[in-house]
Amino acid sequence: QVQLVESGGGLVQAGDSLRLSCAASGRLFTNYRMAWFRQAPGQEREFVSGLTWTLNKPYYADSVRDRFAISRDNAKNTVYLQMNSLTPEDTAVYYCAAAYRGQGDGTTDFQYWGQGTQVTVSS
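What you see is a predicted model, and the numbers here were worked out from it, not measured in a lab.

A. Looking closely at the side chain of Arg 67. Residue placement: Arg 67 occurs in the loop between strand 6 (58–60) and strand 7 (68–73). Within the local environment of Arg 67, its side chain forms a polar contact with the backbone oxygen of Ser 63, the two atoms lying 2.9 Å apart. Look past the residues within four positions of Arg 67 in its chain and what remains in contact with it is Gln 82, Met 83, Asn 84, Ser 85, Leu 86, Thr 87 and Asp 90.

Listed below in structure tokens is the structure:
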């Protein structure tokens, strides 16, 4: 079992930045690839950013590319999502997810999920 706890969400204005954190505990952190998803009210959960298993290389959804940055600190068992130039369209609950190796960007490709942290961007 892997437990994930997100933090760092809040209310900001358009153009501001936030850094989300996801603290992991349980099984060996390095055996899992990590990703961030988000879900706005009335919408499906969508992929935001992830790290490949093979090279730990970050990749992003088109909607956040060049604005968001994912990183991982194995010493702290923590993954981060730096969010810059936020817009109201980024308003959502952001979820951290973990998968045992493998690949895929769908929600069903990840076995473990945090409870989410709310990000609200006002105009």
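Continuing now.
B. Geometry of the pairing of strand 11 (residues 117–122). The two faces of strand 11 differ: Thr 117, Val 119 and Val 121 on one face are buried, but Gln 118, Thr 120 and Ser 122 on the other face are not. Where strand 2 (residues 10–13) and strand 11 come together, 4 bridges link them in parallel fashion. By the bridge assignment for strand 11, Gln 13 is matched with Ser 122.

C. A look at the state of the cysteines. One pass over the structure, following the stated rule, counts 1 disulfide. Each disulfide pairs two cysteine sulfurs, and for Cys 22 the partner residue is Cys 96, the sulfurs being separated by 2.1 Å. Between Cys 22 and Cys 96, the disulfide has an S-S torsion of -80 degrees and is therefore left-handed. In this pair, Cys 22 is assigned in strand 3 (residues 18–26) and Cys 96 in strand 9 (residues 92–100), connecting sequence segments 74 residues apart.

D. Inspection of the sheet that holds strand 7 at higher detail. One open sheet holds the 4 strands; their spatial order is 1-3-8-7, and the pairing between them is antiparallel. With one partner strand each, in any of the chains shown, strand 1 (2–7) and strand 7 form the two edges of the open sheet. Neighbour-to-neighbour, the strand axes of the sheet open up by a mean angle of 15 degrees, direction not taken into account.

E. Focus on the packing of aromatic side chains. A complete count under the given rule lists 7 aromatic pairs for this structure. Measuring from ring centre to ring centre gives 5.6 Å for Phe 37 and Phe 47, while their planes differ by 80 degrees; the resulting arrangement is edge-to-face. Of this pair, Phe 37 sits in strand 4 (residues 32–39) while Phe 47 sits in strand 5 (residues 46–51), and the two are 10 residues apart along the sequence. With respect to class, Phe 37 is no different from Phe 47; both count as buried. Arranged with centres 6.3 Å apart and planes meeting at 65 degrees, the rings of Phe 110 and Trp 113 form a pair that is edge-to-face. We classify Phe 110 as buried; its relative accessible area is 5%.

F. Representation of the pattern of salt bridges in the model. Tallying each qualifying case throughout the model produces 4 salt bridges. Across the salt bridge formed by Arg 38 and Glu 46, the nearest N and O atoms sit 2.8 Å from each other. Assessed through its relative accessible area of 5%, Arg 38 is described here as buried. Looking at Glu 46, the relative accessible area reads 32%, which means it is partly exposed. Between Arg 67 and Asp 90 there is a salt bridge; the shortest N-O distance is 2.8 Å. Of the two residues, Arg 67 is situated in the loop between strand 6 and strand 7 and Asp 90 in the loop between strand 8 (78–83) and strand 9; the sequence distance between them amounts to 23 residues. The exposure classification of Arg 67 matches that of Asp 90, with both residues buried. Taken together, the shared-partner salt bridges in this structure form one network comprising Arg 38, Glu 46, Arg 67 and Asp 90.

What counts as what
- Residues numbered from 1 in each chain as written.
- Predicted model: local features only at pLDDT ≥ 70, side-chain atom pairs only at ≥ 80, totals over all residues.
- Heavy atoms only, no water.
- Helix = DSSP H or I, 4+ residues; strand = E, 2+ residues; numbered from the N terminus.
- Polar contact = N/O pair within 3.5 Å; in protein donor to acceptor, adjacent residues only side chain to side chain.
- Contact = heavy atoms within 4.5 Å.
- Buried < 20%, exposed > 50% of the residue type's maximum accessible area, 1.4 Å probe, protein only.
- Pairing = 2+ DSSP bridges.
- Disulfide = S-S within 2.5 Å.
- Axes fitted to C-alpha atoms, helices over the stretch in contact; angles between N-to-C directions.
- Phe/Tyr/Trp six-rings, centres within 6.5 Å; stacked < 30°, edge-to-face > 60°.
- Salt bridge = Lys/Arg side-chain N within 4 Å of Asp/Glu carboxyl O.

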